[in-house]
Structure formats: structure tokens, C-alpha cells
Amino acid sequence: MTDNTLPTCLIDGEEVPFTPGQTLIQAATAAGKYIPHLCWHPDFAAHGSCKICTVKADGRFGAACTIEARAGMTVENRTTELDDKRRTLLQLLFVEGNHFCPSCEKSGNCLLQATAYEVGMMSPHFDHFYPDRPVDASHPDVLLDFNRCIMCELCVRASRDVDGKNIFALSGRGIKSHLIVNSESGRIKDTDFSAGDRAAEVCPVGVILKKRVGFAVPIGGRKYDVSPVSAQVGAQAPTREEA
Amino acid sequence: MPATMTTTSALQSVLARQGHDGTRLMQILRETQEALGWLSPPVLTEIARDIGWPRARVESTAGFYSFFHTRPLGRYRVLWSDNITDRMLGNIDLMQAMCEKLWLEPGRVSEDGLVSVDTTSCTGMCDQGPALLVNYRAVTRMTPRRVEAMVDLIRAETPVAAWPAEWFAVEDNIRRKDILLGNALVPGEALAAALERGAAAMLDEIKRSGLRGRGGAGFGTGLKWEACRDAMGEAHYVICNADEGEPGTFKDRVLLTRYADLVFEGMTIAGHVVGAKKGLLYLRGEYRYLLEPLESVLAARRAAGLLGGNILGQPFDFDIEVHLGAGAYICGEESALIESLEGKPGRPRIRPPFPVTHGYLGQPTTVNNVETLAAACLVAKHGGEWYSKVGTTKSAGSKILSVSGDVERPGIYEYPFGVTVQQVLNDAGIEGCTQAVQVSGPSGVTLGQNELERRIAFEDIPTAGALMVFDCTRDMFEVARNFAHFFAHESCGFCTPCRVGTTVVARLMDKLATGHGSPYDIDEMFKMHRLMQGASHCGLGNSACNPMFDTLNKFRPAYERRLKSLDYEPAFDLDAALSQARQMTGRDDAAAHLANVEES
């Protein structure tokens, strides 16, 4: 339904209405249009770090999650040029961490994997970095597997803004950036993190996993196994119950 | 335990001095580390508790900056400046010699916990290298003899304070003065002229002068001050960006050494114009040695009624504080600098909003370069029209250049805008032929021999002022490789293209350097350039591939002679991988080498 009173911008040639103040990705999502993304989540303030949502707005590259929609703005989204860039960005994320999809509990529910399928990523292309990122299995209910972290800071935002706990933060710089938890020991068991926290649900990849429910839904029947991410615009990352 | 008591009392006095204020976390961490040697986990916990921040946020900041360490790195920490100019002066050989004498590998701490030796990004001593930092204190002009003497002092555990004073001498090397460096202003003169004009009229003069930002981007200073002045907020702030991190640049160091009054006076004038009561000077950690001298200048200005309440008898209050950075090039980006001033990791903010409306503590803030603020004093004294007559149409005034590399007289040269690169080279003295000039540091532009008539001006080459000169014996591939590693080291890590891309590029350059490159890898570099230039979050990622792009276009033979074949070549070298097996089996006969096996 298009509200005729709203201004519109043009995304891939299609008129998309927006309410003033909305970003391009908010307007597109509300209109059921898919702009590939990883660090953006409708419930949280834009972060603008993954750059997967890079579009060309009036001829200039920018992240769709940080550009405010303007009336008459012409936006290129799913063009060959932009999907090529997205594929390269995804490949960079895959080689930066240790992503072994076949053995990952998140496979099929993973936004990184689904987005890679969506833009036709067939190989990691670059040499793997193989970083050393030990897992933290200290918590009774939750496992942290840092190997899969893509630095989107959704858990940081959820814990800070929703749970009011500040369990997570990024430390380090550059390629040495890494997720830390809020305890002197550096272990998740020494924080007040709980499996019921919003931060426990929000990870788009497989860093934060609840224990004792792994593979409850078999691979093949999971969220993105059933239909591609581009066909599920507006749907949130799956909760444990759905998975 | 006495040790713990000492720790606690040292920490408590730092926290008290910094007012238990989390926005001062950078200063708390630096002073704590100066007192305790390193930032241990319990110390970070105590700091977090005291300032009322989540511990993870304190650790986040402590882990971001190169000069903070959350593990012990020795009672003596030696960091060799690793700009290309230091390399040309032989820093790597000197560092190796130092490591051999200390029985140490670069990057490792000695077994007895005494010393560590490593490299760091350019320390801003390019005109007097090879340079290093010892316990974050700048040392210049290293020689083999100094290395030997330094190793002896470290072994004898002589405190750094008792080391020969001449090692820490930093020369100004001012070679050419123009309107700014040759000014005859006395402290307070420009400020009095500004106050007499009144804030609105002073702003008009700045706009009339055509003064543009000297950090390289060249934004109109008048426009910036006006936007800040007009923005609504509880308080307004003036920030002086003295995070001079662009390799090859050292003019702010000299301004802050010899012309500190002028810089502070420019900040005060800016404060009067935008309606600020507080100014902050963000000094790069490499210039730690300037902190005390700058604070005495501030004290003298307070005593003279040029800072504090009722300045020069007028109803105008303004004061300035110096904050130190801790080894992060990205903090030269103004929004990252503000994050750092607020005690956070220096990650550039999403813009808009810009600092002029939402800056320090969310308030209207003008962030100006050291040189811009100093130049504002000239405008205050002589008027905008006078100033606009110097330089070119779109680039009013003068520019201070930091000249280093293959010249006879490296140092500071001030010219009216519009000077040709060739003119600067003539004045600095060239022996033999010049192959290339890197203008504005790694993020700038590489000029070839046929481009030396180009001009230093916003109309042609905008620059923060670095000129690194390379004669015909220099390998331009190695120049670009040095820069690639610089960007990989300094990427803040926020956005994907820059965080991972800079490392991918540095690895590609290393692959070529070890003789495993192919045309395929050069295509890959262009691909990374195209990706990072459009998709990165800030200027660092956008310009990180510039030196590679320029040198590939202008000095391609330097790359091509390294290519192993014209087809794809893997980075993995099977025969080299077998060397371990040869070593373990004690075999080194012909049949143990792959090349011979293939032939048979």
C-alpha cells in the first residue's frame, strides 16, 4: 500500500515511500524491498560498519543504513556493480574469521551465510587469515564461539540499550579487533549475562549459542534453508524457538 | 601486600587528579601506566569502578591504542619509528643490531621482563631520523654507536631520565620563514586586536581572509566557525587537532615547540568567536615530551590574563587543556579525535551530524588544525584583506611544509601558497636526480619526475604539508609497501573494507616482495582500491590504496620486475615448505629439493 501523501525515493527504479527522517534501509524494509545488510537491525540504532548495505544514492556510494531518504533520491541497490562489492566484502568477512559452515550450529539460520548465498558468493577467494580465537564455554547456558564474529556489535548494542548490562564490547584495533566481555577474567561466566537477554538472541552469525538445544531443527529445515533472505524482508533473525 | 598498596595509592592519586571523570579516561590510563608500568586486569577493574563505567568499556579503550598495554612489555620499551624516511636512514639494520645485542626478537619481551623492542608508526622526526621512542620519550638521530650505548644503559637498568640529554634533543630545523613563522607578534597582541574587533566582526575578517583548514581538507575556517557559533548547545568547544600522525609531517611539532603562544592565542580567538569557554588541544602521544612545556606556556598565559576569567579585562572567560593521545593515527580524523577526548576508542562517527553541531560531549565544536589556529592570529592582527592577498585566489596565506627524505636540508619550509614542488626541492637541496615526491603522506599523492612543476595549493595539490623526497636509487615498490603496512596497522577496524582490506593489501604487497607475485595480484590490488575507495567509513580507508594506485600507474616497472610469472602464482611455496622437513631429517642433497625432483 502506497500512501500518496508520503514523499518517495526511487530504489532500483521502483518508487519507495518514506516518512521524513527514515534511512534508505528503513524505507526499503517497510516497503518490502531487500537491501543486503549484516550489522543493521530494525530494532537498533544504525551502526554502519559492515558496509554490506552500500548503495549508490544519487551517484554516490554510501551505507543505506546511515543515509536519510530524500524525496526524488535515485538509489541503485541490486546492481551488478554493487553486488560485486558486497560479494567481496562478504569474502573479506569469511576469510577474516573462521567460518566452517558445514559444522556450524548456526548454518541455515546464519545471516552471513544467507547473504553470501544471496549475492552468489561461490568461494572465499582470498587467503584465509586463520585467526586464533579460543571459544568461551564457561557459562552454564551459553557458548561463545568468537571464530565467527563479524564485529557487527549487535550484541554490544542489545546488551547496552535493551538489557542495560553492557556485557559486550569491541577491543583491539584494526584487524586485531575482537569481542570482549565485561569481566576481569575475560570469561562470560563471570558476568551477569543470561540466556534470556536480548543480546543472547541478536547475533546474526554463530558467536552466541545457547547450550543443549543445538540442532533441534535439522539442517535443511532452517530459516534460510526454506527461502532466501531476500524473500524474508522484515522478518527478524530467528529466535531459538523458531530455530 | 606493600606492592598492592603502592599500586592502589598511585592509582588513587591519578583518579583524584582526573576528577574520577570517565571522559578523561585517556589521561587516566596514560598516567596510570606511567606510574605502574602497564595496565593490569585488576587495575582496569579498579578504574572502571571508580569512574562508574562498565569494565568492558574501559578495556575497550585500553585495547585500542598502541601506547597502552594490557600486558607487561618490559621496564624499557623501545619503539623504532618505521616511516619510509626512517627506513631510508637505516632504522631496520639498527633495530636488528639492537635486538641482537639484547638477545631479543622484535615484538617480544625479554625473558627477564626487562626490555622489548618493536616498530611504531612515524613519530614525526623525519628530518632527524632514524628516530625511536623509549618509554614513549622521543629520541632522534640514532647511530650504531648510540644503539650500543643504549643497550648498555638498558642492561645496567639506568633510568631513562639519566640517559644522555642530547639523545632527546629535537631540532626545529626551520629553513624558510614567511608571514607565519616570521611574525613579530607578542603574546596577547593578536588576541587584543580580536577582542577589540568583537566576535562578529572577527568572524567576518576570518571569512574575508579566505583562510582554509591546514589539515589538508581545506574547509573554510570562517564557515566552520560560523556554523559552530550558530549551532544551539549548552556549551561550545574549540579543539586544536595536534594529532599530527600523517607520516612525513612534523610542522605542528615545530609550531608547538616554538610558537605555542600563537597556537593557544588562535584557540582563544576561536573561542571568542564561537562562544566557547573551553578549548582542548589533542596532542599526539608521540609528542609526550611537549606536554610540560605546553603546560608552562598555558600557566604563563593565565598569569598574564590571556586565559582564565575576564581575559584582557573583557567579559570573556576561556581556558585550555592539553590532552594526550596514545598512538592512533585515526584520531587525526576529527570525529575519532572527539571520541578519544571522551575516553573512547578513536572510531570515526557516522556523519552527519558534524562536530560543528554535535561534537565534543554532543555540543557544537570547532576542530581546527594547529597551523590554522596560528594563522588566525595573523588575520586578527592584520585583517582578512591583508591575509587574502598572500597566496593564490583559492588558497589564501602561507603553508608550512615538512620536507624529508633525499634532500640536503630536511626541515620546515614556509611559502605563500602556489609554490611549485620544484622550487621547494631547489631550496631544500637536491643531489642527483629526484625520482618521486610523496606529497601529504601516504594518504596523499605520489608525484613523478614530470610533475614537479605542480603547485602546493588547493587548486592543484591540497596538502597537510608533508613532502617526502625519493631519489633515483629508491625502490618505489618498497615505499608503497611501507605505506600499505602503515594503513593496515592504523585502520581502526570499524568498517569491513578498511579493517580487512588494508591487511589483504599489505599481504599482497608482501607476496610480491617475496617474489611470488603475478599480474593477477596486481589486478587484485586494483580491485581492492575500487572497493575501499567507495565503501569505507572514513578517509583512512578511502585513501589507503592511493600510494599503491599511484606507484602502480607511475612506477610500474618497480612492481613488474618482482612478478614471478605472467600467470597466477600462489603465495604458498612448496619447496620452501619442505625446508622444515629437510632440517628435521638432516637432508640437503639434490634429491631433497623440488626443482631437481621435477627435472628427473
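Residues numbered from 1 in each chain as written. Chains lettered and ligands numbered in written order. Predicted model: local features only at pLDDT ≥ 70, side-chain atom pairs only at ≥ 80, totals over all residues. Heavy atoms only, no water.

## Details of the domain arrangement of chain B
If you check the domain split of chain B, you get domain 1 (2-64), domain 2 (76-171), domain 3 (175-388), domain 4 (402-472) and domain 5 (477-560). One C-alpha centre belongs to domain 1 of chain B, the other to domain 4 of chain B, and the line joining them spans 44 Å. (Domains from an automatic or database assignment.)

## With respect to the interface of chain B and chain A
Contacts between the two partners involve 43 residues from chain B and, on the opposite side, 37 residues from chain A. In total, about 3200 Å² of surface goes out of reach between chain B and chain A, with carbon and sulfur atoms giving 58% of it. Where chain B packs against chain A, one counts 2 salt bridges. The salt bridge partner of A:R173 is B:E490, with a shortest N-O separation of 3.2 Å. Counting across the interface, chain B meets chain A through 21 residue pairs in polar contact (both at pLDDT 80 or more). Breaking the side of chain B that touches chain A down by element, the ones donating at least two residues are helix 3 (41-51), helix 4 (55-64), helix 18 (476-490), helix 19 (496-513) and helix 20 (519-535) of chain B. A per-class count over the side of chain B that touches chain A returns 19 nonpolar, 14 polar and 10 charged. (Contact = heavy atoms within 4.5 Å. Buried area = accessible area lost by both parts, 1.4 Å probe. Salt bridge = Lys/Arg side-chain N within 4 Å of Asp/Glu carboxyl O. Polar contact = N/O pair within 3.5 Å; in protein donor to acceptor, adjacent residues only side chain to side chain. Helix = DSSP H or I, 4+ residues; strand = E, 2+ residues; numbered from the N terminus. Nonpolar A, V, L, I, M, F, W, Y, C, P; charged D, E, K, R; others polar.)

## A closer look at the domain arrangement of chain A
A common way to express how large an interface is: the accessible area buried when the components associate. All names here are of chain A. Each domain of chain A was delimited in the assignment, giving domain 1 (8-78) and domain 2 (83-213). Spacing between the C-alpha centres of domain 1 and domain 2 amounts to 24 Å. Summed over both partners, the interface of domain 1 with domain 2 buries about 1700 Å², with 60% contributed by carbon and sulfur atoms. Inspection of the domain 1/domain 2 interface yields 3 salt bridges.

## Some details on the sheet that holds strand 1 (residues 8-11) of chain A
Residue and element names in this part refer to chain A. Overall, mixed pairing links the 5 strands, which are arranged 2-1-5-3-4 in an open sheet. Either end of the sheet is taken by a strand with one partner, and the two such strands are strand 2 (14-17) and strand 4 (60-63). For this sheet, the mean angle separating the axes of adjacent strands, direction not counted, is 35°. Two elements, strand 3 (residues 54-57) and strand 4, share 4 bridges in a ladder whose sense is antiparallel. Looking at the pairing, A57 lines up with R60 of strand 4. Taken strand by strand, helix 2 (residues 80-96) contacts strand 3, strand 4 and strand 5 (74-76), and its axis lies near 155° from that of strand 3. (Pairing = 2+ DSSP bridges. Axes fitted to C-alpha atoms, helices over the stretch in contact; angles between N-to-C directions.)

## Let's talk about the pattern of salt bridges
Think of it this way: side chains of opposite charge can pair up when their charged atoms draw near. All names here are of chain A. Counted by the stated rule, this structure contains 68 salt bridges over all chains. We note a salt bridge from D83 to R78, for which the minimum N-O separation is 3.0 Å. On the basis of relative accessibility, which here comes to 11%, the residue D83 falls in the buried class. Taking the shortest distance from any N to any O, the salt bridge between D190 and K189 comes out at 3.3 Å. Classification of D190 as partly exposed rests on a relative accessible area of 40%. (Buried < 20%, exposed > 50% of the residue type's maximum accessible area, 1.4 Å probe, protein only.)

## Considering the packing of helix 20 of chain B against helix 22 (residues 546-554) of chain B
All names here are of chain B. Contact geometry of helix 20 with helix 22 gives a least axis separation of 10 Å together with a crossing angle of 135°. It follows that helix 20 is oblique to helix 22 by the angle criterion. Where helix 20 crosses over helix 22, the two elements pack in a sense that is left-handed. Here I522, M525, F526, H529 and Q533 of helix 20 come into contact with helix 22, specifically with N546, M548, F549, L552 and N553. In terms of residue class, the contact of helix 20 with helix 22 is built from 6 nonpolar, 4 polar and no charged. (Parallel < 35°, antiparallel > 145°, perpendicular 65-115°, else oblique. Left-handed = near helix turned anticlockwise from the far one by under 90°.)

## Re the packing of aromatic side chains
Residues and elements named next belong to chain B. For the structure shown, the criterion picks out 15 aromatic pairs over all chains. Ring centres of F67 and Y136 lie 4.8 Å apart, and the angle between their planes is 45°; on these two criteria the pair is classed as tilted. Residue F67 is located in the loop between helix 4 and strand 1 (76-81), and its partner Y136 is located in the loop between strand 3 (132-134) and strand 4 (137-139); the two are separated by 69 residues in the primary sequence. In terms of burial, F67 and Y136 fall into one category: buried. Note on W386 and Y387: the rings are 6.5 Å apart at their centroids and 50° apart in plane angle, and the pair reads as tilted. The class of W386 is partly exposed, set by a relative accessible area of 33%. Ring pairing ties together the aromatic residues F64, Y65 and F68, which thus form one cluster. The side chain of R57 reaches across the aromatic face of W53, ending 4.4 Å from its centre. (Phe/Tyr/Trp six-rings, centres within 6.5 Å; stacked < 30°, edge-to-face > 60°. Lys NZ or Arg CZ within 6 Å of the ring centre and 35° of its normal.)

## Examining the environment of B:A190
Residue and element names in this part refer to chain B. Within the secondary structure, A190 is located in helix 8 (residues 189-197). Classification of A190 by relative accessible area gives buried; the value is 1%. Spatially, the C-alpha atoms of A190 and L262 are 8.6 Å apart, while their sequence positions differ by 72 residues. Every residue in contact with A190, bar those within four places of it in the chain, is listed here: L185, E265, I269, C377 and A380.

## A word on the side chain of B:E244
Residues and elements named next belong to chain B. Mapping E244 onto the fold places it in the loop between strand 6 (237-242) and helix 11 (251-258). An unpaired buried charge is present at E244: no salt bridge exists, and K251, the closest side chain of opposite charge, is 5.0 Å distant. Polar side-chain contacts of E244 include one of 2.7 Å to the backbone nitrogen of D252. (Lys, Arg positive; Asp, Glu negative; His and termini not counted.)

## Let's talk about unusual backbone geometry
Of note, the bond from B:G129 into B:P130 is cis; its omega dihedral lies within 30 degrees of zero at -5°. When you line up the elements, B:P130 lands in the loop between strand 2 (115-120) and strand 3. Of note, the phi angle at A:D58 is positive, near 50°, even though the residue is not glycine. Along the chain, A:D58 turns up in the loop between strand 3 and strand 4. The class for A:D58 is partly exposed, based on a relative accessible area of 43%. The phi torsion at A:Y130 lies on the positive side, around 45°, for a residue other than glycine.

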